Amino acid sequence: MTTPALLPLSGRRIPPLNLGPPSFPHHRATLRLSEKFILLLILSAFITLCFGAFFFLPDSSKHKRFDLGLEDVLIPHVDAGKGAKNPGVFLIHGPDEHRHREEEERLRNKIRADHEKALEEAKEKLRKSREEIRAEIQTEKNKVVQEMKIKENKPLPPVPIPNLVGISGGDPEDNDIREKREKIKEMMKHAWDNYRTYGWGHNELRPIARKGHSTNIFGSSQMGATIVDALDTLYIMGLHAEFLDGQRWIEDNLDFSVNSEVSVFEVNIRFIGGLLAAYYLSGEEIFKIKAVQLAEKLLPAFNTPTGIPWAMVNLKSGVGRNWGWASAGSSILAEFGTLHMEFVHLSYLTGDLIYYKKVMHIRKLLQKMDRPNGLYPNYLNPRTGRWGQYHTSVGGLGDSFYEYLLKAWLMSDKTDHEARKMYDDAIEAIEKHLIKKSRGGLIFIGEWKNGHLEKKMGHLACFAGGMFALGADGSRTDKAGHYLELGAEIARTCHESYDRTALKLGPESFKFDGAVEAVAVRQAEKYYILRPEVIETYWYLWRFTHDPRYRQWGWEAALAIEKYCRVSGGFSGVKDVYSSTPTHDDVQQSFFLAETLKYLYLLFSGDDLLPLDHWVFNTEAHPLPVLHLANTTLSGNPAVR
């Protein structure tokens, strides 16, 4: 689920750029602090004096324009002839003029005393040295910082926690399977320990250069994306010392009040999703608090004429924009359509329906729109509410929108029938127009572009095998068996894309033209960047069928990653899966720890670890609990009504 270069290719994932260190909000001054402080004091005293002098003006009328804290009542003047209010003219009607004057005199005396006190304080400051003044200013700044931290970490209202089942365990009885699971855990340790050593606090790791790495999706700050993304994997694997290391970093360093432009989609699925999962698994309040802090920073992205959010938002200023390459300034379906799970949980945990309303507004808008051939185009203009280029894909740009329709239904304890209907309608159109069989008998999902089908499938689209299997139960007209079989066929096709390479790792995308099937043709499509989608599909199909081929295929992939992607400083993607001597891209993606290794670990674990009737995985593989209707506070849910 990530893209090479600098362009985000998918809803399920996007690419990388380098960041700088985290910066605490600071103030720039053109004057020295001591001079500013003295000038502010003198100006304050002058304003106080002028304000006080106002009350010594002659009292020409009983009607005053200001309420000075008296017991008189402010009422708007009414023109009796018109019966209309004249805004701007306020009359004070006092019952006792003598008492009114006494109160005015008291206020004058108070202002005079305050003025004299301010002058004395200014004189006192002038007698201090520059160093003393600077020390006082620094003390005040520190107090403000501490007050801000206390305010940011304020406790959220308590809510009933859903019934959490299967957050540990899953030990396999078979010795061979247990050894394979332990190997996956060792790979996770290798990835984490090297990130801890060489990239700590950075978003990602360059394992060969042994230094931190980042991409434009995270903006210009060190936000520790790998830490947040990996937390739940560490917890599930029982790596609790490493989990606590990450928790301490988040408590002390994770700061969202930075002047940094980030991808709304990516920080939602990786950060909010990761923090919420860590909260549910561990019960540590800090993760919930940080998730809500970040969510509040994302809300300005929804300030568009249609309510469809911008792709990017500045965490400090709240200014949003879209990717420059997106069709005519459009937002991307897989990005604005992949917020529902996290935002519903935010409303559940905070009692604030704003998050729920934001994502439901998106759904309502999409329901009203015409869809060519029943398909959702990948681009929607947030200013006009019109589709952009008619390009439909179940891979990059579209993928996780469909996934979240299904998972909204599952997460609601199968009560969100509106989401289920949208999902069923969408996959019927997809099956009719995009899913085809190659000459060699492989089922693939093409892309609809400019009125015709492009016979190319991306690695990102391989997640759909698992999605079809997950959604089989509950499908229309007794088609559960059909969709489970369709999921298995997609898994077979994606396995072939791995098996037909020199490294036994799949390319970024592969063609089905003539004699070429499940093979990348262009050099720019031959890379593998530690993506999880194929292994994700293997895991879902293992859970639903227990067919041993999925564990076998998953183990083949794990061995290939170990052999060709492992380096002394971590794990790296490779640039050409068809070359027996590949070169590395020198990036250890955060999703490798969040997804690829998690799905492999679950593939070799028992079904009692994170059972699918109690947990729903977001598109970054962060498990969120099913919200049973009896516990939910979401009164806007049609099922509740």
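Everything below is about the structure printed above this text.
Note that the structure is a prediction, hence the values are computed from the model and not measured.

(A) Structural detail: the overall build of the protein. Scanning the protein for helices and strands turns up 18 helices and 21 strands. Counting the 641 residues in the protein, one finds 55% classified as buried. Once local pairs closer than 6 in sequence are excluded, the contacts in the protein between residues at least 24 apart make up 70%. Accessible area for the protein stands at about 27,600 Å²; split by element, carbon and sulfur atoms hold 54% of it.

(B) The packing of helix H7 (residues 264-282) against helix H10 (residues 340-350), seen in detail. Where H7 contacts H10, the axes come no closer than 10 Å and their chain directions differ by 45 degrees. By the angle between their axes, H7 is oblique relative to H10. Between H7 and H10 lies a crossing of left-handed hand. Taking contact as the criterion, the partners of Asn-268, Ile-269, Ile-272, Gly-273, Leu-276, Tyr-279 and Tyr-280 in H7 are, on H10, Glu-342, Phe-343, His-345, Leu-346, Tyr-348 and Leu-349. Of the residues assigned to the contact of H7 with H10, the class counts are nine nonpolar, three polar and one charged.

(C) Region of the structure containing the packing of H7 against helix H8 (residues 285-298). One can describe the packing of H7 onto H8 by two numbers: an axis separation of 8 Å at closest approach and a directional angle of 160 degrees. Judged by the inter-axis angle, H7 sits roughly antiparallel to H8. By crossing handedness, the relation of H7 to H8 is classed as left-handed. Residues Val-264, Val-267, Phe-271, Ile-272, Leu-275, Leu-276, Ala-278, Tyr-279 and Ser-282 of H7 lie in contact with H8, whose contacting residues are Glu-285, Phe-287, Lys-288, Lys-290, Ala-291, Leu-294, Ala-295 and Leu-298.

(D) Just the packing of aromatic side chains, in detail. Inspection of the entire model under this criterion finds 26 aromatic pairs. Ring centres of Phe-302 and Phe-343 lie 5.8 Å apart, and the angle between their planes is 50 degrees; this geometry places the pair in the tilted category. Highlighted residues: Phe-302 in the loop between H8 and strand E6 (312-314) and Phe-343 in helix H10, separated in sequence by 41 residues. Here Phe-302 falls in the buried class, since its relative accessible area comes to 3%. Ring centres of Tyr-376 and Tyr-402 lie 6.3 Å apart, and the angle between their planes is 70 degrees; on these two criteria the pair is classed as edge-to-face. Taken together, the positions of Tyr-376 in the loop between helix H11 (354-368) and strand E9 (379-380) and Tyr-402 in helix H12 (residues 399-411) put the pair 26 residues apart, joining distant regions of the chain. No difference in accessibility class separates Tyr-376 from Tyr-402, as the two residues are buried.

About the cut-offs
Residues numbered from 1 in each chain as written. Predicted model: local features only at pLDDT ≥ 70, side-chain atom pairs only at ≥ 80, totals over all residues. Heavy atoms only, no water. Helix = DSSP H or I, 4+ residues; strand = E, 2+ residues; numbered from the N terminus. Buried < 20%, exposed > 50% of the residue type's maximum accessible area, 1.4 Å probe, protein only. Contact = heavy atoms within 4.5 Å. Areas by Shrake-Rupley, 256 points an atom, 1.4 Å probe, with all protein chains shown as cover. Axes fitted to C-alpha atoms, helices over the stretch in contact; angles between N-to-C directions. Parallel < 35°, antiparallel > 145°, perpendicular 65-115°, else oblique. Left-handed = near helix turned anticlockwise from the far one by under 90°. Nonpolar A, V, L, I, M, F, W, Y, C, P; charged D, E, K, R; others polar. Phe/Tyr/Trp six-rings, centres within 6.5 Å; stacked < 30°, edge-to-face > 60°.

Geometric descriptors of this kind do not, in isolation, establish any biological role.
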